[in-house]
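Inside the fold
One letter stands for each residue in the lines below.
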Amino acid sequence: METATPQSTDRAQLAMSMLASLPFATDGLPGIGGIIKATPEHFVVEEALPYTACGEGEHVYITFRRSGWNTADAARAMQKALGLAPSDVGWGGRKDKTAVVVQTLSFRCGLTAPLPGIEKALAGLPFEILTMQRHRNKIKTGHVAANRFTVIVSRPQPDALPRAMAIARRIKHTGVPNFYGPQRFGFGMQNVPRGFALFAPGRKGRRNAFLVSAVQSALFNIWLRQRMEAGVYRQLLAGDIVKKTDTGGMFTVEDIAVDGERFANGEIGYTGPIFGFKMKAAQATAGEREAALLDRFGLGPDDFRPFRAPGSRREAILALPDLEIRALDEGVQFCFTLPSGAYATTVLREFTRAE
C-alpha cells in the first residue's frame, strides 16, 4: 500500500514545529541571558578569504569596514560610484546589516585604472577603505575561508562570566551543533512554507534557489536535532560520511572502532545531508536515517533536480579552539572564528539560551 505524499502545507507545518525549539549541546547548564546586537558595535565580523590577491590583474580587491549596510547594498553603491556593471562585482558571502563588518569585494576596474583614482571615487561613501589590491580573478560566492567574530552580549545575568566559562568548558568536549541560524529562514520562518510550496505536485513556476536552500537547511537542522535526541550526537554511525580535519578529504565510515577513535581525537568529523539530486548519501545505519527523514517529508533526491539543486554535505559539529571570553563594562565579550557557512548566533545561543 502506497503512502500518500504529504501536502506542502503539512510538510511546512511539520518542519516549522521541529525547528521551533532546537536542542542545546550544553543542556543542564544555566545560560547567561542578555541581548545580542544591542548596537552594531557589539557585533563585529571580519571575513578572511582563502587566498591573497597576487598584485596584478583587472580585478581590484577592496577590503573595507562598514556598519548599517548589508553586502548587496554596499556592493551596489560602490559599483555605481565606480561606473561599473553589476556583473563586475563579486563577493564571497553576505554579511549582517546590524553589525560592524570588515569584508572584501572585487571590482573589475580594468588593468589601467589607478588605485588612487578608485579610492577617490569611493570617498563619498560611508565606508572605511582598509586595503586595495589587484588580482586576476573575481571573488565568487563561497570564496570565504572563515569569519572572525567579536560579540558583546549586553545586560546578561549578574553571574554571567562564571556561567559562560562553565558552558565553554563543556563545549570543548561537545562542540556546537552546526545548526543554520534562524535568519536563514526569514522573518517568522516564512521561507520554510514558501520553499516547501515549490515542491507541491504539479507545481510549475520559476526556480527560486534561495527558497529551495531554505528547505535544504530546514531538513539539515531537523536531521541534526534527531541525531541529538537519539543520543548519537557525539558518536559515529556505520555509513557516516566524515571529513578530515586537516585536509578536508571525505570518506564513508566502514570501521567504527578505528574511525571512532579518530573522531574522538578530533581528526575527523561527521557530516549531514544538504539534500539534492547529486548529494553523496550516507550508507548503512547513517544512510537509513537520512533516507527516512526525506521520506517523512514525501521527498526524494530527484525532486531537487528541477531546481538544479545538486546538494552537498555539511559538517555537523563546530569546534571553537580559539574561543575567548571576558567581562566588560558593557557585558560579556566573545571572540571566536567560524568556517564559512556557520552562524555566530548558533554559537551564542548555547550561552544566552535564546532562540
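A few points on the structure.

Calculation notes
- Residues numbered from 1 in each chain as written.
- Predicted model: local features only at pLDDT ≥ 70, side-chain atom pairs only at ≥ 80, totals over all residues.
- Heavy atoms only, no water.
- Phe/Tyr/Trp six-rings, centres within 6.5 Å; stacked < 30°, edge-to-face > 60°.
- Helix = DSSP H or I, 4+ residues; strand = E, 2+ residues; numbered from the N terminus.
- Buried < 20%, exposed > 50% of the residue type's maximum accessible area, 1.4 Å probe, protein only.
- Contact = heavy atoms within 4.5 Å.
- Core = buried A, V, L, I, M, F, W, Y, C linked by side-chain atoms within 4.5 Å.

So, about the packing of aromatic side chains. A complete count under the given rule lists 14 aromatic pairs for this structure. Summarising the aromatic geometry, the rings of Phe-199 and Phe-304 are spaced 5.2 Å apart at their centres and angled 65 degrees between planes, so their arrangement reads as edge-to-face. Taken as a pair, Phe-199 in the loop between helix H5 (191-197) and helix H6 (209-229) and Phe-304 in the loop between helix H8 (284-296) and strand E12 (312-315) lie far apart in primary sequence, 105 residues in all. Ring centres of Phe-220 and Trp-223 lie 5.5 Å apart, and the angle between their planes is 40 degrees; on these two criteria the pair is classed as tilted. Of this pair, Phe-220 and Trp-223 both sit in helix H6, separated by three residues, roughly a single helical turn. When its relative accessible area of 0% is taken as the criterion, Phe-220 is described as buried.

Note on placement: Met-132 falls in strand E6 (residues 128-135). Measuring from C-alpha to C-alpha, the distance between Met-132 and Ile-62 comes to 4.6 Å, with 70 residues separating the pair along the chain. Sequence-distant contacts of Met-132, defined by excluding residues within four places in its chain, comprise Val-60, Tyr-61, Ile-62, Leu-115, Ile-118 and Glu-119.

In this structure, Phe-196, Leu-219, Tyr-270 and Phe-304 are the most contacted members of the largest nonpolar core, which totals 46 residues. For this core, the secondary-structure elements that each account for two or more residues are helix H1 (8-19), H5, H6, strand E11 (268-274) and H8. When residues of this core are assigned to their parent elements, the largest contribution, 11 residues, is made by H6. Beyond its immediate stretch of four places on either side in the chain, Leu-219 contacts Phe-196, Phe-275, Leu-293, Leu-294, Phe-297, Leu-299 and Phe-304. Counting 27 residues, the second largest nonpolar core, distinct from the first, contains Val-45, Val-101, Leu-338 and Phe-351.

These figures come from the coordinates and say nothing about function on their own.
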